Amino acid sequence: MADSRKRYREDFEFRTVLGEGSFGQVYEAEEKANGRRCAIKVLSKDHIMREDKIRYVTTERDLLDLCKHPLVVRLYYTFSDPSSLYFVMEIAENGELLTWLRTLGRFDVPTSQFHMAELVSALEFLHSKNVVHRDLKPENVLITADWHLKITDFGTAKLLEPADGGEGEGEGDGGAGDGTASETTMARSNSFLGTAEYVSPELLTDKYTCKASDLWGLGCILYQLLTGAMPFHAATDYLIFQRIQKRDLKFPDDFPSDEARGLVDELLELDPVERIGAGPGGYDMLRDHFFFEGVNWERLWEQPAPDLS
Ligand code: ATP
């Protein structure tokens, strides 16, 4: 049963700062009552009000609450005091995937395969809950002490609503796994969401995101893991967007795997309906891709993960 006892700042021993976000700091902490280590995100209420980000913070809380899965960072509980909101979360001791990628330059094929398999499993779960992450990138993927992944940062995620036939946010039906444009669950968006280099062409062209938009992000990540570079890199956001819209995709000569290249190619498909994983075969098509040959998809989070240290 959920533990709904009210918490206070004094219930925790705050230790080192794990990281800095736009609304405050994230601390490593210990819950005094049970000795459990956790990460506590402390958000300044003033700052949230000033920046008009209440919706962002509420979305993060609600969707983390909805998406309880071993490959998604767990939100244990939230509480507040007059100045701050506190998100008490599962700790991912090894920090961001991006930091490891920068340290190592690039990952080898087996390491990339394992991480991609975990990302596919996590996304399949999110999409089964009708949640589109919309900002999938190595900064938003945390690494646990035993080197498994945890997806985080649900502030710009979206819970898709069932079709009601009209125009506007969260309309349409279906999404990754169904296969026709009219069935594609989408969220209209008038403002730019996500991060330039990972943004999907449908957001740029038609101002909507759908489950398949996360699969586009996955294609960018696989390319990045294996090369250390971004597939649509350019000097400015404008030039990046142009490359994305034209699908100006080039692979370096030393791209290490034909299977991975094939998968990137199928994930970075301009038409979201044609993107692998978004068609009628859904996630089975992804799991059955040659790149994932040999992966045991059963409870990946309990299998040994590649040590990045
Ligand atoms: P935002 O866009 O909301 O500012 P962010 O990812 O930059 O997102 P936070 O979510 O506030 O900011 O996290 C700040 C940093 O704290 C992260 O980059 C990460 O390094 C660290 N961090 C966050 N959550 C955890 C966690 N559960 N375990 C370990 N480190 C974490």
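Structure's up top.
Residues numbered from 1 in each chain as written. Predicted model: local features only at pLDDT ≥ 70, side-chain atom pairs only at ≥ 80, totals over all residues. Heavy atoms only, no water.

(A) Structural detail: the pairing of strand 5 (residues 84-89). Among the six residues of strand 5, five are classified as buried, and the element is accordingly described as predominantly covered. Two strands pair when backbone bridges link them, and strand 3 (residues 37-44) and strand 5 are joined in this way by six bridges, in the antiparallel orientation. Counted as the bridge partner of K41 is F87 from strand 5. Two strands pair when backbone bridges link them, and strand 4 (residues 75-80) and strand 5 are joined in this way by five bridges, in the antiparallel orientation. When the sheet's bridge partners are listed, T78 is paired in strand 5 with F87. (Buried < 20%, exposed > 50% of the residue type's maximum accessible area, 1.4 Å probe, protein only. Helix = DSSP H or I, 4+ residues; strand = E, 2+ residues; numbered from the N terminus. Pairing = 2+ DSSP bridges.)

(B) View of the environment of E90. Mapped onto the elements, E90 comes out in the loop between strand 5 and helix 3 (97-104). By relative accessible area, E90 is classed as buried at 17%. Remark: the alpha-carbon pair of E90 and S112, spanning 22 residues in sequence, is separated by 24 Å. In this structure E90 touches A39, V72, V73, R74, Y76 and K150, once residues within four positions along its chain are discounted. Engagement of the side chain of E90 in a polar contact is seen with the side chain of K150, the distance being 2.6 Å. (Contact = heavy atoms within 4.5 Å. Polar contact = N/O pair within 3.5 Å; in protein donor to acceptor, adjacent residues only side chain to side chain.)

(C) Molecular detail of the sheet that holds strand 3. With antiparallel pairing, the five strands of this open sheet are ordered in space as 1-2-3-5-4. Two strands bound the open sheet, and with one partner strand each, they are strand 1 (12-20) and strand 4. Each strand of the sheet is rotated relative to its neighbour by a mean of 25 degrees, with strand direction disregarded. With respect to the sheet, helix 2 (residues 54-66) is in contact with strand 3, strand 4 and strand 5, its orientation differing from that of strand 5 by roughly 25 degrees. (Axes fitted to C-alpha atoms, helices over the stretch in contact; angles between N-to-C directions.)

(D) The arrangement of the packing of aromatic side chains in detail. Evaluation of the coordinates by the stated rule reveals twelve aromatic pairs. Between F14 and Y27 the ring centres are 5.4 Å apart and the planes differ by 80 degrees, which places this aromatic pair in the edge-to-face class. Of this pair, F14 sits in strand 1 while Y27 is found in strand 2 (residues 24-31), placing the two residues 13 residues apart along the sequence. Ring geometry for F292 against W297: centres 5.0 Å apart, planes inclined by 70 degrees, an arrangement best described as edge-to-face. Three or more aromatic residues joined by ring pairs form one cluster here, namely F12, F79 and Y86. (Phe/Tyr/Trp six-rings, centres within 6.5 Å; stacked < 30°, edge-to-face > 60°.)

(E) The arrangement of helix 2 in detail. Spanning 13 residues, helix 2 covers 18 Å between terminal C-alpha atoms, matching the ideal 18 Å at 1.5 Å per step. Among all positions of helix 2, only V57, T59, E60, L63 and L64 are buried. Projected down its long axis, helix 2 carries its buried residues within an arc of 160 degrees, all on one side. (Expected span 1.5 Å × (residues − 1). Arc of directions from axis to C-beta.)

(F) Molecular detail of the site of the ligand. Contacts to the ligand come from 17 residues, most closely from S22, K41, Y56, E90 and E96. Here an oxygen atom of the ligand sits 2.8 Å away from a polar atom, N or O, in the side chain of Y56. The backbone of A92 places a nitrogen or oxygen atom 2.9 Å from a nitrogen atom of the ligand. Protein burial of the ligand: of its 600 Å² of free accessible surface, 85% is covered by the chains. Among the detected pockets, the ligand sits in the largest pocket. Those elements giving two or more residues to the shell around the ligand turn out to be strand 1 and strand 3. Residue contributions to the shell around the ligand peak at three residues, all from strand 1. Of the residues that constitute the shell around the ligand, the class distribution is nine nonpolar, three polar and five charged. (Near = heavy atom within 4 Å. Areas by Shrake-Rupley, 256 points an atom, 1.4 Å probe, with all protein chains shown as cover. 1 Å grid on protein atoms, 1.4 Å probe; cavity = no way out; pocket = protein on both sides within 12 Å on 5 of 7 lines; lining within 4 Å. Sits in = over half its atoms within 2 Å of the grid points. Nonpolar A, V, L, I, M, F, W, Y, C, P; charged D, E, K, R; others polar.)

(G) Quick look at the nonpolar core. Judged by nonpolar contacts, the single largest core of 79 residues is most densely connected at M116, F154, L215 and L218. No other element matches the ten residues that helix 6 (residues 211-227) contributes to this core. Counting residues in hydrophobic clusters, the runner-up holds ten residues, among them Y27, A29, C38 and I40. (Core = buried A, V, L, I, M, F, W, Y, C linked by side-chain atoms within 4.5 Å.)

(H) Quick look at the packing of helix 4 (residues 109-128) against helix 6. For the pair helix 4 and helix 6, the least separation of the axes is 10 Å and the interaxial angle reads 170 degrees. On the basis of their axis angle, the class for helix 4 and helix 6 is roughly antiparallel. Handedness of the crossing formed by helix 4 with helix 6: right-handed. Side by side, helix 4 and helix 6 meet where V109, S112, H115, M116, L119, V120, L123 and H127 of the first sit next to K211, D214, L215, L218, I221, L222, L225 and L226 of the second. The class makeup of the residues in the contact of helix 4 with helix 6 is eleven nonpolar, three polar and two charged. (Parallel < 35°, antiparallel > 145°, perpendicular 65-115°, else oblique. Left-handed = near helix turned anticlockwise from the far one by under 90°.)

(I) Structural context of empty space enclosed by the protein. The tally for this structure, following the rule as stated, stands at two cavities of 30 Å³ or more. Take the lining of the largest cavity: its biggest share by element is three residues, from helix 6. Split into classes, the residues belonging to the lining of the largest cavity amount to five nonpolar, six polar and three charged. (Points joined across faces, edges and corners; volume = space filled by probe spheres on them.)

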